[in-house]
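Architecture and fold: a report
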Amino acid sequence: MSEDKNKLEHIRHSLAHILASAVLEMFPQAQLGVGPVIEHGFYYDFLLPRTLTPEDLGKLEKRMRALVKEKLAFERMEMSTGEAKKFFAERKQPFKIELIEDIEKFGTTELQRAEGVEHRAANSKPLALSSKPTTVTLYKTGKFIDLCRGGHVENTSEISADSFKLDKISGAYWRGDQKNPQLQRIYGLAFENSEALAAHLRFLEEVAKRDHKKLGSELELFMFHHTAPGMPYWLPKGVIIYNELINFWRHEHIKYGYQEIVSPLLNKKELYEISGHFEHYWQDMFVADQGEGEVEVEGELYGIKAMNCPNAMVVFGSKGRSYRELPLRLSDTDMLHRFELSGTLNGLLRVREFRQDDAHCFVMEDQIPQEYERILEIVKRFYAIFKLEYSLRLGTRPEIFMGDIATWNKAEAQLTRILKESGKPYTIKEGDGAFYGPKVDILMNDALGRQWQMGTIQLDFQQPRRFKLEYTAQDGSRKTPVAIHRVIYGSLERFIGILIEHFAGAFPVWLSPVQVYIGTVGEAHRVGAQKLGKQLAEAGIRVEVDDGADTVGYKIRKAEKQKIPYMLIIGDKEKSLQKLTVRIRGQQRQPVMTLAAFVKRVRKEIAEKV
RNA sequence: GCCGAUGUAGCUCAAUGGCAGAGCAACGCUUUUGUAAAGCGUAGGUUGUCGGUUCAACUCCGACCAUCGGCUCCA
């Protein structure tokens with residue numbers, strides 16, 4: 001870690017202490033949780049006698065500035081764990097006592113991370129320590145003393161009083177567990193100086209301009225209605241992008257030997273009982289409701305599909321299969337519905353209705369590595385087209401799973417080997433696999449830097465067995481295939497959301513809903529503009545002709561705001577020269593070229609997807 | 001689902017208990033314009049929904065719905 005970064009972390013960590021100190025002054029009975037450093041600042045969790053208001057934040061911020069200006073030293077203290085527990089018991093800080101007990105037992109208070117591997121809280125194991133710690137450190141700033149491992153500035157004089165800002169309040173469960181009490185979390189932004197803080201605030205303003213929800217409505221790509229929360233309406237321009245992505249996907253997957261199927265959106269619960277989803281997923285599915293209370297159609301319970309795999313299994317099992325057919329790759333893009341919690345919905349990034357660019361590859365066991373390689377090759381090709389950065393993450397056996405541990409271990413070992421051999425860096429998230437098998441996820445960030453799971457490649461030994469799928473092997477024996485579930489985009493909805501933010505709405509030509517805008521100068525140019533529009537449309541280019549009475553400046557403004565890649569203004573000059581003046585998005589220079597040259601250029605860009 | 005914030009015309013926002021307004025967009029008329037906003041006019045509202053308080057509610061209170069930021073979850 002560099003000196004500067006270290007210093008910044010110390011500033012942020014120190015400010016968390018100052019915040020806690022200010023909160024304790026305001027609420028002497030406040031119980032303190034934890035207050036770590038985060039990407040652009042810090043937070044601290046509190047159990048308070050009443051709900052904080054935005055006004056409280058202002059007051060706390062003011063008090064923090066005053067404390068910082070008092071030039072308080074951070075004094076290190078050491079106590080035995082017993083003394084420390086007594087100390088915090090006297091001060092009625094049960095959360096701190098819990099942390100000390102963790103230190104005694106595990107040597108750490110951290111639940112999320114151990115040895116570079118992410119753990120789910122419930123899954124984390126005590127560290128095997130040769131010697132358990134018997135003392136803990138505390139830090140004193142002014143009157144405030146907190147349990148802390150350290151990493152502060154020496155004195156608050158090292159912090160500039162205008163380099164931080166209390167940002168927002170939210171709820172957070174103690175130790176990240178829904179069963180625990182919910183604390184109030186105060187987030188703060190903090191930097192070395194006021195300029196860096198101002199720069200970050202400007203950055204956030206820029207980020208807000210890329211927000212796919214804002215651009216989606218400005219560019220008329222999609223919308224929502226309160227009667228369908230989490231279920232997007234795709235508008236004509238958005239459908240163009242949607243279809244371009246699917247067309248490209250179809251075209252590529254035919255080349256890779258995939259066959260597309262379409263299957264029912266509604267199946268009896270029996271199907272999900274076989275697949276295991278009834279037991280593991282039914283509460284997250286929408287079910288068909290006919291009549292009161294019970295959800296049934298003619299006495300049968302139906303579920304709207306939340307995943308395609310059970311029906312892919314049905315198709316595989318619909319006839320006798322031979323080893324010669326394997327790998328058998330069945331793809332589909334049917335609409336899926338998942339009952340996501342209302343508080344988690346977020347524009348296109350988290351919806352209740354979506355399509356996955358799904359496929360299920362049925363393979364023999366020894367074909368797994370090569371099929372995985374083939375899929376990773378598709379991933380690489382797709383993400384390169386969009387110039388998107390992604391990372392891979394292995395998800396291992398969850399707490400609740402199907403099948404036997406030996407099969408799981410074998411599958412996880414296989415995936416680990418494939419990932420290592422791929423050469424692409426990856427992380428591991430323990431317990432994050434699907435209930436039927438381990439998985440490799442493709443992760444990407446949105447404009448705010450939040451990480452989202454996009455594609456996923458999941459290994460499944462369970463469902464083929466449960467559906468009693470088999471193929472005839474070369475030796476005439478019956479064998480169960482292995483299924484690989486995989487999506488490349490992930491969901492089209494989420495992918496388009498990320499794409500909008502990635503391109504800030506300025507899509508490459510092949511995805512642009514309108515590729516060429518034609519605007520007339522005057523009345524005399526209408527016929528020519530219409531003719532030109534027709535010629536471009538016939539060349540397979542999406543074109544919009546605007547021959548209205550508005551000024552040229554206004555027409556250009558309209559097209560610019562729609563982020564259309566090419567603009568052609570047609571006037572006397574173009575008429576007499578028989579050439580086009582081409583205004584290119586994001587460029588100053590306006591080259592003059594013949595219609596043929598322009599068409600060639602645009603068609604090349606569409607074909608090459610640049 | 002939990003915590004918090006927000007919800008006024010298609011969009012961006014005014015109006016703090018006393019007649020709901022502006023700019024842009026839309027529509028009409030005039031203008032036919034040379035590379036990011038021509039002029040004038042018209043229309044547009046049960047202020048998210050339902051209930052309560054009040055002589056009077058966009059404004060105060062309650063419930064619900066939706067959206068946003070977190071938490072938990074997750075493609």
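Residues numbered from 1 in each chain as written. Chains lettered and ligands numbered in written order. Predicted model: local features only at pLDDT ≥ 70, side-chain atom pairs only at ≥ 80, totals over all residues.

Here's the deal with the overall build of chain A
Note the cut-off: Strands here mean DSSP runs of E at least two residues long; helices mean DSSP runs of H or I at least four residues long; both are numbered from the N terminus. Placing C-beta atoms from the backbone, we regard two residues as in contact once those atoms come within 7 Å.
The helix and strand tally for chain A stands at 18 helices and 31 strands. By principal-axis analysis of the C-alpha atoms, chain A measures approximately 85 × 75 × 55 Å. Long-range contacts, defined here as pairs at least 24 residues apart, represent 69% of the contacts in chain A between residues at least 6 apart.

Notes on the protein's contact with RNA strand B
Cut-off, in case you're wondering: Using a C-beta atom placed from the backbone for every residue, we mark a residue as near a molecule or strand if that atom lies within 6 Å of it. Under the scheme applied here, ten amino acids are nonpolar (Ala, Val, Leu, Ile, Met, Phe, Trp, Tyr, Cys and Pro), four are charged (Asp, Glu, Lys and Arg), and all others, including Gly, are polar.
Near RNA strand B you find 64 residues, and of these G171, L341, G343, Q453 and G571 are the closest. The dominant element in the surface near RNA strand B, judged by the number of residues it contributes, is helix α16 (residues 552-561), at 7 residues. Its residues placed into classes, the surface near RNA strand B shows 19 nonpolar, 25 polar and 20 charged.

A short note on the domain arrangement of chain A
As a reminder, the rule being used: Delimitation of the domains relies on an automatic or database domain assignment.
Looking at the assigned domains, one finds that chain A contains domain 1 (3-207), domain 2 (215-265 + 305-503) and domain 3 (509-608). Its C-alpha centre places domain 1 at a distance of 57 Å from the equivalent point of domain 3.

Some thoughts on unusual backbone geometry
A cis amide bond links L326 to the next residue, P327, at an omega of -5 degrees. For P327, the position within the fold is in the loop between β16 (321-322) and β17 (328-332). One non-glycine residue, K92, adopts positive backbone phi at about 55 degrees. Mapped onto the secondary structure, K92 falls in the loop between α3 (81-90) and α4 (94-106). Positioned with a positive phi, K609 is a non-glycine residue whose angle comes to about 55 degrees.

A word on the sheet that holds strand β30 (residues 580-584)
Defined as follows: Two strands are said to pair when DSSP picks up at least two bridges between them. Geometry is summarised by axes, namely lines fitted to C-alpha atoms with helices restricted to the contacting stretch, and by angles between N-to-C directions that run from 0 to 180 degrees.
The sheet built from 5 strands is open, its strands ordered β28-β27-β29-β30-β31 with mixed pairing. The sheet terminates laterally at β28 (543-546) and β31 (592-593), the two strands that pair on one side only. In terms of strand pairing, β30 meets β31 through 2 bridges, oriented antiparallel. Note that in β31 the partner of T581 across the bridge is V592. Packing of helix α18 (residues 595-608) onto the sheet brings it into contact with β27 (516-520), β29 (566-570), β30 and β31, and relative to β30 it is tilted by some 25 degrees.

Digging into the pairing of β28
This is how the line gets drawn: Exposure is read from a count of other C-beta atoms within 10 Å of each residue's own; the residue is exposed at 12 or fewer, buried at 20 or more and partly exposed in between. C-beta atoms are placed from the backbone. Seen with the strands pointing away from the viewer, any crossover whose path from the first strand over the helix to the second strand runs clockwise is right-handed.
Residue alternation in β28 divides its side chains into a buried set, V543 and V545, and an unburied set, E544 and D546. Pairing between β27 and β28: 4 bridges, direction parallel. Residue pairing across strands places G519 opposite D546, the latter belonging to β28. Read from β27 through helix α15 (residues 526-538) to β28, the crossover connection turns out right-handed.

Focus on the packing of α3 against α4
Spelled out, the test is: Should an angle fall under 35 degrees it is taken as roughly parallel, and over 145 as roughly antiparallel, whereas 65 to 115 is taken as roughly perpendicular and any remaining angle as oblique.
Running from amino to carboxyl end, α3 crosses α4 at an angle of 170 degrees, the nearest separation of the two axes being 9 Å. With respect to each other, α3 and α4 are oriented roughly antiparallel. Counted together, T81, A84, K85, F88 and A89 of α3 and K96, I97, I100, I103 and E104 of α4 form the full contact between these two elements. In the contact of α3 with α4, the residues fall into 6 nonpolar, 1 polar and 3 charged.

Looking at the packing of helix α11 (residues 368-385) against helix α12 (residues 405-422)
Spelled out, the test is: Two helices cross in a left-handed way if the nearer one is turned anticlockwise from the farther one by less than a right angle. They cross in a right-handed way if the turn is clockwise.
Closest axis-to-axis distance for the α11/α12 pair is 10 Å, and the angle between their directions is 45 degrees. Relative to α12, the element α11 lies oblique. The way α11 lies across α12 gives a crossing that is right-handed. Note on element contacts: α12 touches α11 through Q414, I418 and S422, opposite I368, P369, Y372 and L376. Residues belonging to the contact of α11 with α12 are distributed by class as follows: 5 nonpolar, 2 polar and no charged.

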